[in-house]
Amino acid sequence: MKAIRRFTVRPVLPESLRPLSDLARNLRWSWHAETRDLFQSVDPERWASSDGDPVRLLGSVRTARLAELAEDRRFLRRLTAVADDLGDYVTGDRWYQTQPAELPAAVAYFSPEFGITAALPQYSGGLGILAGDHLKAASDLGVPLIGVGLLYRHGYFRQSLSRDGWQQEHYPVLDPNELPVAPLREADGTPADVSLALPGGKQLRARIWLAQVGRVPLLMLDSDVEENDLGERGVTDRLYGGGSEHRLLQEMLLGIGGVRAVRTYCRLTGHPAPEVFHTNEGHAGFLGLERIAELCDQGLDFDAGLEAVRAGTVFTTHTPVPAGIDRFDRELVARHFGADAELPRMDVGRILNLGMETYPGGEPNLFNMAVMGLRLAQRANGVSLLHGAVSREMFSGLWPGFDPEEVPITSVTNGVHAPTWVAPEVLRLGARQVGAQRTEDALTVGGSDRWDAVADIPDQDIWELRRNLREQLVTEVRERLRASWRQRGAGTAELGWIDGVLDPDVLTIGFARRVPSYKRLTLMLRDRDRLMELLLHPERPIQIVVAGKAHPADDGGKRLVQELVRFADDPRVRHRIVFLPDYGMAMAQKLYPGCDIWLNNPLRPLEACGTSGMKAALNGCLNLSVLDGWWDEWFQPDFGWAIPTADGAGTDHDRRDDIEAAALYDLLEQRVTPRFYEHGQHGLPDRWIEMVRQTLTLLGPKVLAGRMVREYVERLYAPAAHAHRTMTPDLAGEVAEWKSKLRAAWHGVRVDHVETTAATATAELGTTLGLRVRVALGDLGPDDVEVQAVSGRVDEEDHITDATTVPLKPAGGPDAEGRWVYEGPLSLDRTGPYGYTVRVLPAHRLLASSAELGLVVAPSEEVVEGAGVLMR
């Protein structure tokens, strides 16, 4: 019989065990081994059956067992120690509190998904895991962050396979009362909520749930409340589900509702108000509109509000693929704003202008969330050095007239939260080597360039650790594979072969990630005969563990999954290659440590960062990857292999896949497997162990989320907070007025004449030339602009590369025609073909970048002809 109503019945903990409830509700347990060990000792069997979730554990443990623990002095001492440790962690000074600089009082961090723990399944892939790691690292460092997201009643889908290997999706319902979250409550005890106005006089209401991530509160908005109609209740049903309007409402709730939730949280708790708002990808971009509306309610006009909001906003783009950006039809967005909907006092046209693709190559009827994010943020970044360059090229249309390298998008390379992803066995080895506290500091705060203490770990210990982790993975794979085959309809009698799947002494390769086409899940199948030879080699075999989910609407991705599964089902190789369905955090935490090689073969440069290889590296796993994302930045032959790419413009996709697959097979045959199986005089693979040692020594400190968050604080949050404090309402009005004047008058700016003291087209290194430029400024004055000389080597098409810019100074007042003369030196500091040009840019003390307005004037063709532009 089916129940008509469901309740969550919680046990009443004896007084002495009450701290268990606090420990379960703070998600620090997900990365704190002592807390997890404590919960495991409450009831080891129920801990295992609850998948390591303390909330579920405490909801199922027997009353008699609780009474027994309440009298167990040894357990109570452990409980007191762990609870005291959490208290110190949450309240004590950490890295952030010791910094001399004037840092933000608080930072609000918005993301559509957060991967904190498998017990709170609110993530689909890399973006969410990165956001979760950002919160955890901020907590470890003491950064006063407030996370803001949505609480999805179905989360992302669960994946299983049909008998013929086709991906099937399931959406289990999540009850917030069974999750490690609690409702934020008003002073009178009623649940706190926010509401949005919808067209036609309707309302979208959402409850605010609070997840405590160490020191960091995470606010999650849930529209499944009784006050909403059925349609509105479903707004937060699924992560990345539904059609355009559904997604638009999700993103309005995240951005606009999220700001309102932050204001409510700060009002109720006394938490300092954020000085910086960090938009993690374009999904949360509407937060800027709500903040402009707040300032308009305080008396600022739209333009002044926009300047004030931009000053304190950071935008991070995570995709180098235009298809990864949400874009909405102009009319759909227009219908949800204005007098009859949300933000009624704001002009809809002004809102639309922030997101429209009004640049060459854009689609003028589409509202682009990333474009809005960039226009609403004074500071923006990609997530690896290469991705920063790709983003500058991708969004260069927003800054016409500037070379891509001048586009004001920097990069902060992602990192991963080591305490979450490093296997306990690896942590214990580190603690044995340098002590528990030094190990914890090294993995959280970071700051060192190298982990030299790794050099002192004996080869035997490293190799035993690697084999132990591989053996654990083999056990895990067999359990998951058996469960998968049962779901696919196989009987127990058919599955005896699974006991022989994988071998703890065989070189193990891992490949696990989402399955969009550019990640090339099936590149390894390009030449199946060669792959079979590698899998079944008599002396040097390999084995491969594969996992990944295709988006529910991506049939192409599902076909790739099916192709891989069918190959892995072949009785000839099924003991050497497996596909594990339902890839998620719990599986990943076993998979990364147990692999010897982490494989990544995307189409370069379409991987923004790709953090799975970082997690593997922290466990002593070597990377075998295309030079894309973070691997392009940090690869060295000392600790991995680079798969050569065939990304020339003339190479079609099929040919490129053939070439790169062949390069992958060659590397495995000729370099990777020989090194793994080649044993030295002590019976150990000495050269392999040395590569593991180099991976930990040199890569370990770089790939930390602690390093990443410190970079965000120092390079983006601190400058944004300073700009926010500087941008008073009066100054915001002044800047807005100046920008308006500048845009209106810019058509009158031109370069009329350029001359140098050079008499010939050749000159000696070290020569300094005099440069004299005449410019017309129209209705602007010298205080509004900067005239620059731009010089450097030139290529065959006379494009300046590796440019140096030098400001020129006005020489006297305007002439009778209102033109100004600027002069300055031009130093010829490089040999070979050399060139220069001049340009005029807007200049204001409060601009974060001279490219900010996207305005620039260069000499016309007629002026160039008489300027002696090149020195050859």
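Since the structure is predicted, the reported quantities are computational estimates derived from the model, not experimental observations. (Residues numbered from 1 in each chain as written. Predicted model: local features only at pLDDT ≥ 70, side-chain atom pairs only at ≥ 80, totals over all residues. Heavy atoms only, no water.)

## Details of the overall build of the protein chain
Within the protein chain, the regular secondary structure consists of 29 helices and 28 strands. The C-alpha radius of gyration computed for the protein chain amounts to 30 Å, which stays within 12% of the reference 29 Å derived for 872 residues, consistent with globular compactness. Of the contacts formed within the protein chain by residues at least 6 apart in sequence, a portion of 73% connects residues at least 24 apart. For the protein chain, the accessible area works out to roughly 35,600 Å², and carbon and sulfur atoms hold 49% of it. When the 96 basic and 123 acidic side-chain charges of the protein chain are each reduced to a single mean position, those positions are 5 Å apart. (Helix = DSSP H or I, 4+ residues; strand = E, 2+ residues; numbered from the N terminus. Rg over C-alpha atoms; globule rule 2.2 N^0.38 Å. Contact = heavy atoms within 4.5 Å. Areas by Shrake-Rupley, 256 points an atom, 1.4 Å probe, with all protein chains shown as cover. Lys, Arg positive; Asp, Glu negative; His and termini not counted. Charge placed at Lys NZ, Arg CZ, Asp CG, Glu CD.)

## Some remarks on the pairing of strand β13 (residues 379-382)
Here β13 shows a buried face lined by Arg379 and Asn381 and a second buried face lined by Ala380 and Gly382. As paired elements, strand β10 (residues 313-316) and β13 share three bridges and run parallel to each other. Note on β13: the bridge partner recorded for Val314 is Arg379. Here β13 runs beside strand β14 (residues 410-411); their pairing, made up of two bridges, is parallel. Across the sheet, residue Gly382 finds its bridge partner in β14, namely Ser411. Once you follow β13 into helix α15 (residues 385-394) and on to β14, the crossover reads as right-handed. (Buried < 20%, exposed > 50% of the residue type's maximum accessible area, 1.4 Å probe, protein only. Pairing = 2+ DSSP bridges. Right-handed = clockwise from strand over helix to strand, strands pointing away.)

## Re the sheet that holds strand β21 (residues 750-756)
With antiparallel pairing, four strands are arranged side by side in an open sheet as β21-β22-β26-β25. Across the chains shown, the open sheet's two edge strands, defined by having one partner strand only, are β21 and β25 (809-810). For β21 and strand β22 (residues 768-776), the ladder comprises six bridges, and the chain directions are antiparallel. Across the sheet, the residue bridging to Glu755 is Arg772, located in β22.

## Considerations on the packing of aromatic side chains
Under the defined criterion, the tally for this structure stands at 20 aromatic pairs. Seen in terms of ring centroids, Phe676 and Tyr677 are 4.9 Å apart; in terms of plane orientation they differ by 80°. Their pairing is edge-to-face. We classify Phe676 as buried; its relative accessible area is 2%. Through successive ring pairs, a cluster of aromatic residues spans Trp463, Trp641, Phe676, Tyr677 and Trp688. Over the ring of Trp497 we find Arg574, and its NZ or CZ is 4.1 Å from the ring centre. (Phe/Tyr/Trp six-rings, centres within 6.5 Å; stacked < 30°, edge-to-face > 60°. Lys NZ or Arg CZ within 6 Å of the ring centre and 35° of its normal.)

## Points about the side chain of Thr420
In this fold, Thr420 is placed in helix α16 (residues 418-421). Side chain to side chain, Thr420 and Lys136 meet in a polar contact 3.0 Å long. The contacts of Thr420, once residues within four sequence positions are left out, are Trp31, Lys136, Met585 and Gln589. (Polar contact = N/O pair within 3.5 Å; in protein donor to acceptor, adjacent residues only side chain to side chain.)

## Some remarks on the pairing of strand β2 (residues 145-150)
A regular strand carries its side chains on alternate faces of the sheet. Summarising burial for β2: six of the six residues are buried, a large majority. Taking every second residue as pointing to the same face, both faces of β2 are buried, with Leu145, Gly147 and Gly149 on one and Ile146, Val148 and Leu150 on the other. As paired strands, strand β1 (residues 107-110) and β2 are joined by four bridges and run parallel to one another. Its bridge partner being in β2, Val107 is matched across the sheet by Leu145. In this sheet, strand β8 (residues 216-222) lies alongside β2 in parallel orientation, the contact comprising four bridges. Across the sheet, Gly149 pairs through a bridge with Met220, a residue of β8.

## Side note on the state of the cysteines
The tally for this structure, following the rule as stated, stands at zero disulfides. As a non-bridged cysteine, Cys595 has Cys621 as the owner of its nearest cysteine sulfur, 5.7 Å distant. Note on Cys595: relative accessible area 0%, which makes it buried. Cys621 provides the cysteine sulfur closest to Cys609, a residue in no disulfide bond, and the two sulfurs are 16 Å apart. With relative accessibility at 3%, the residue Cys609 sits in the buried group. (Disulfide = S-S within 2.5 Å.)

## Focus on helix α7 (residues 126-141)
Owing to its 3.6 residues per turn, the α-helix brings residues three or four apart onto one side. Here α7 spans 22 Å end to end across 16 residues, near enough to the 22 Å set by a 1.5 Å rise per residue. Among the 16 residues of α7, 15 are classified as buried, and the element is accordingly described as predominantly covered. (Expected span 1.5 Å × (residues − 1).)

## What about the confidence of the model for the protein chain?
Looking at the protein chain as a whole, the pLDDT averages 93, with 97% of positions reaching at least 70. Across residues 868-872, where pLDDT falls below 50, the model places 21 contacts with residues more than four positions away in sequence or in other chains. (pLDDT = per-residue confidence, 0-100.)

## Observations regarding the pattern of salt bridges
Here the structure, examined in full by the defined rule, presents 67 salt bridges. Here Glu406 makes a salt bridge to Arg839, at a shortest N to O gap of 2.5 Å. Of this pair, Glu406 sits in the loop between α15 and β14 while Arg839 sits in strand β27 (residues 834-842); the two residues are 433 residues apart in sequence, bridging distant segments of the chain. Judged by relative accessible area, which is 26%, Glu406 ranks as partly exposed. Close ionic contact of Arg470 with Asp596 constitutes a salt bridge, the shortest N to O distance being 2.9 Å. Of this pair, Arg470 sits in helix α19 (residues 459-487) while Asp596 sits in the loop between α22 (585-594) and β18 (597-600), and the two are 126 residues apart along the sequence. Grouping residues by exposure puts Arg470 and Asp596 together as buried. Shared partners join several salt bridges into a network, and the residues in it are Arg520, Arg526, Asp654, Arg656, Asp657, Asp658 and Glu660. (Salt bridge = Lys/Arg side-chain N within 4 Å of Asp/Glu carboxyl O.)

## With respect to a negative patch on the surface
A surface patch of like charges, here negative, comprises Glu34, Asp37, Glu440 and Asp441. Those elements giving two or more residues to the negative patch turn out to be α2 (33-42) and α18 (436-444). By secondary structure assignment, the location of Glu440 is in helix α18. Taking the relative accessible area as the measure of exposure, Glu440 reaches 33% and is therefore partly exposed. (Patch = residues over 30% accessible without salt bridge, like charges linked within 9 Å, V, L, I, M, F, W, Y side chains within 5 Å.)

## Notes on the nonpolar core
Grouped together as the largest cluster of nonpolar side chains are 104 residues, with contacts concentrated most on Met524, Ile544, Ile597, Leu624, Trp641 and Trp688. Counting residues per element, this core draws most heavily on α19, which supplies nine residues. Once you skip the residues sitting within four places of it in the chain, Ile544 turns out to touch Ile509, Met524, Leu531, Leu535, Arg576, Ile577 and Val578. (Core = buried A, V, L, I, M, F, W, Y, C linked by side-chain atoms within 4.5 Å.)

## Quick notes on the packing of α19 against helix α26 (residues 686-699)
At a minimum axis distance of 10 Å, the contact between α19 and α26 shows a crossing angle of 85°. Between α19 and α26, the interaxial angle falls into the category roughly perpendicular. Residues Asp459, Ile462, Trp463 and Arg466 of α19 form the contact with α26, whose own contacting residues are Asp686, Trp688, Ile689, Val692 and Arg693. (Axes fitted to C-alpha atoms, helices over the stretch in contact; angles between N-to-C directions. Parallel < 35°, antiparallel > 145°, perpendicular 65-115°, else oblique.)

## Focus: the sheet that holds strand β16 (residues 542-547)
Strand order across the open sheet formed by six strands is β17-β16-β15-β18-β19-β20, with parallel pairing between neighbours. Sheet topology places β17 (577-580) and β20 (640-643) at the edges, where each strand pairs with a single neighbour. The mean inter-strand angle of the sheet, taken between neighbouring strand axes irrespective of direction, is 20°. Examined bridge by bridge, strand β15 (residues 507-512) and β18 share two bridges and lie parallel to one another. Counterpart to Ile509 in the pairing with β18 is Ile597. Where helix α21 (residues 555-568) meets the sheet, it contacts β16 and β17, and its direction lies at approximately 135° from that of β17. Contacting β15, β18, β19 (622-626) and β20, α26 runs over the sheet at an angle of about 80° to β19.

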